[in-house]
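Chain by chain, the residues run as shown.
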Amino acid sequence: MRRIVWSITIIALTIISFVVIKSDFIGIKRPLDESRQIEKNKNYETNETKTDDKKHKETVLTPKENIEHKDIANKEAILCLGGDVMMDSYVAGYIKDNGVDYPWSSVSNFLKEADISLVNLETSVSTRGSTKKPAGYGFRSNPKTLEGLKNAGIDLVSIANNHVLDFGKEAFYDTLKYLDEYKIGYVGGGENRTKAEEVAIIEKNGIKFGFISYTSIIPNNAWIASDNSPGIAVFKGDKDGYAHLVKNVKAAKNKCDILIVILHWGVEYDKAPKKWQTDMAHALVDSGADVIYGHHPHVLQGIEIYKGKPILYSTGNFVFLKNDDECGKTGIFQLTFDKDGFKKGKFIPVSINYCKANILKNDDDKGKDIINMLINLSGKFGTKIGLDGEF
């Protein structure tokens, strides 16, 4: 009996071996060892395609790196720019009562959906220091309020302005430290002049964006960053200051695909830039700037498209003291780029009420009012903005 069982087993094994050896000839494919399968396919993706002469789907292996390269070549990135931000004074009171996210709750979805969102941080962030400014004109925000910016999707802030050193260098150092702790990038200020003028690089969708920031509004010369002293990056209206800025723009452009030049400049509450500003903006675009992003006047000024590059002379306020007046009529500037440059823009109207930035619909009366105001301001530069805010 045992002999019969062994004979049957040998015959069965012989048949199985024969089938495996002949599998290539009769169309049966053996699965690879799992580790070999992973090794073979780790750099590939599958695309299913139908052929005319076959009823089944055919799997084509395509190198993943080729797919990624193709996607990156065609990708765009969106920047959202807002105006002046501070979390002190009345804003601090509303935050205390309603939480750090209160000023941002209406706009945060727009900011988070962008690839990069940035604002002008017009305050020191500290609990230390003292100010020499008159009461109500020196700003110092509690460090915890930076959580609101982070939660809202703010990636980068400009600190080259006339308020970041309101409470002295001790508070200025704290500002840099707390921004680092909350992982919010900053540009336009630092431990010395080299750091203050350094280009900040953020890469999104294969596009390398560069940011540099300067202010022409200088409350005190001690605020100016030097080789051995902390402070902010400044540009002065003299010949040397002008040449220095142009030189730095050219150098920064060599490090990125798209260069955003941030300028704190102009005259408060003026609704149009001065001639020297338009001349400088044109010169900076000619030197390599892809965007001029301005603030300080606390009101909106017109958009100019110069040689295909947007110049935002003033983006107004964003989270600030002003309430439901000309200084409270503002918006989000949404700019779309690919690696070759600016593609399109859209202005999203915002109204500041009770120290909160509120998104408005285009067909809302207040929204229409703000868009029409920007249309009129921009028309002086020949820029056409639609009622939907697109330009």
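Position numbers for residues count from 1 along each chain, tracking the sequence in the order it is written. pLDDT decides what is reported in this predicted model: residues at 70 or higher carry local features, side-chain atom pairs at 80 or more are listed and counted, and totals for whole chains, interfaces and linings draw on all residues regardless. Values reported for side chains reflect all heavy atoms of the structure, with hydrogen atoms and water molecules removed beforehand.

Peer 1: Requested: an account of the environment of Asn192, with residues and values cited.
Peer 2: In DSSP terms, a helix is any run of H or I states spanning at least four residues, a strand is any run of E spanning at least two, and both are numbered starting from the N terminus. For Asn192, the position within the fold is in the loop between strand E9 (189-190) and helix H8 (193-196). If near-sequence neighbours (up to four positions away) are discounted, Asn192 is found in contact with Ala225, Ser226, Asp227, Ser229 and Pro230. Here Lys195 takes part through its backbone nitrogen, which lies 2.9 Å from a polar atom of the side chain of Asn192. Residue contacts are defined here by distance: any two heavy atoms, one from each residue, within 4.5 Å place the two residues in contact. Polar contact criterion, stated in full: a pair of N or O atoms within 3.5 Å, where within protein one must be able to donate a hydrogen and the other to accept it, and residues adjacent in sequence count only if both atoms are side-chain atoms.

Peer 1: Hey, could you go over the packing of helix H9 (residues 239-253) against helix H10 (residues 275-286) for me, with residue numbers and the actual values?
Peer 2: One can describe the packing of H9 onto H10 by two numbers: an axis separation of 9 Å at closest approach and a directional angle of 35°. Relative to H10, the crossing made by H9 is right-handed. Along its contact with H9, which presents Tyr242, Leu245, Val246 and Val249, the element H10 presents Met280, Ala283 and Leu284. When residues are grouped by polarity, Ala, Val, Leu, Ile, Met, Phe, Trp, Tyr, Cys and Pro land in nonpolar, Asp, Glu, Lys and Arg in charged, and all others, Gly among them, in polar. Grouping the amino acids of the contact of H9 with H10 by side-chain chemistry returns seven nonpolar, no polar and no charged. Only the stretch in contact is used when a helix axis is fitted, and all axes are lines through C-alpha atoms; the angle between N-to-C directions ranges over 0 to 180 degrees. Helix crossings fall into two classes, left-handed where the near helix is turned counterclockwise from the far one by less than a right angle and right-handed where it is turned clockwise.

Peer 1: Outline the nonpolar core, supporting the account with residue identities and numerical values.
Peer 2: Ranked by size, the top nonpolar core spans 39 residues in total, and within it Trp104, Leu111, Leu121, Leu149, Val157 and Phe318 carry the most contacts. For this core, the secondary structure elements donating two or more residues are strand E3 (77-85), helix H4 (89-98), strand E4 (116-121), helix H6 (146-152), helix H7 (168-181), strand E17 (317-319) and strand E19 (341-353). Ignoring any residue separated from it by four or fewer positions in sequence, one finds Val157 in contact with Val119, Leu121, Leu149, Leu179, Ile184, Gly185, Tyr186 and Val187. With 33 residues, the next largest nonpolar core counts Leu81, Val187, Phe333 and Leu335 among its residues. Nonpolar cores were defined as sets of buried Ala, Val, Leu, Ile, Met, Phe, Trp, Tyr and Cys residues, with membership established by side-chain atoms within 4.5 Å. Buried, partly exposed and exposed residues are distinguished by accessible area as a fraction of the type maximum, computed with a 1.4 Å probe on protein chains only: under 20%, between the cut-offs, and over 50%, respectively.

Peer 1: Just give me the short version of the pattern of salt bridges, but keep the residues and values in it.
Peer 2: Where charged atoms of side chains with opposite charge meet at close range, the side chains can pair. By definition here, a salt bridge exists when the distance from a side-chain nitrogen of Lys or Arg to a carboxyl oxygen of Asp or Glu is within 4 Å. A complete count under the given rule lists 13 salt bridges for this structure. Taking the shortest distance from any N to any O, the salt bridge between Lys309 and Asp290 comes out at 3.5 Å. Highlighted residues: Lys309 in strand E16 (residues 309-312) and Asp290 in the loop between H10 and strand E14 (291-295), separated in sequence by 19 residues. Note that Lys329 and Asp369 form a salt bridge whose closest N and O atoms lie 3.0 Å from each other. Taken together, the residues Lys329 in strand E18 (residues 329-338) and Asp369 in helix H11 (residues 365-379) connect sequence positions 40 residues apart. Residue classification places Asp369 among the partly exposed positions, given a relative accessible area of 36%. Residues joined in a network through salt bridges with shared partners are Lys271, Glu326, Lys329 and Asp369.

Peer 1: So what's going on with the sheet that holds strand E13 (residues 258-264)? Residues and values would help.
Peer 2: By this definition, two strands are paired if DSSP reports at least two bridges between them. Judged by pairing direction, the sheet is mixed, and its six strands sit side by side in the order E10-E11-E13-E14-E16-E15 without closing on themselves. The open sheet terminates on both sides in strands that have one partner only, identified here as strand E10 (200-204) and strand E15 (303-306). Taken pair by pair, the neighbouring strands of this sheet meet at an average axis angle of 20°, ignoring direction. Across five bridges, E10 lies against strand E11 (residues 207-215) in antiparallel orientation. Across the sheet, Ala200 pairs through a bridge with Phe211, a residue of E11.

Peer 1: So what's going on with unusual backbone geometry? Which residues, and what values?
Peer 2: Of note in the backbone geometry, Ser89 takes a positive phi value of approximately 55° without being a glycine. Residue position: Ser89 is located in helix H4. Even without being glycine, Lys183 reaches a positive phi, approximately 55°. Mapped onto the elements of the fold, Lys183 is located in the loop between H7 and strand E8 (185-187).

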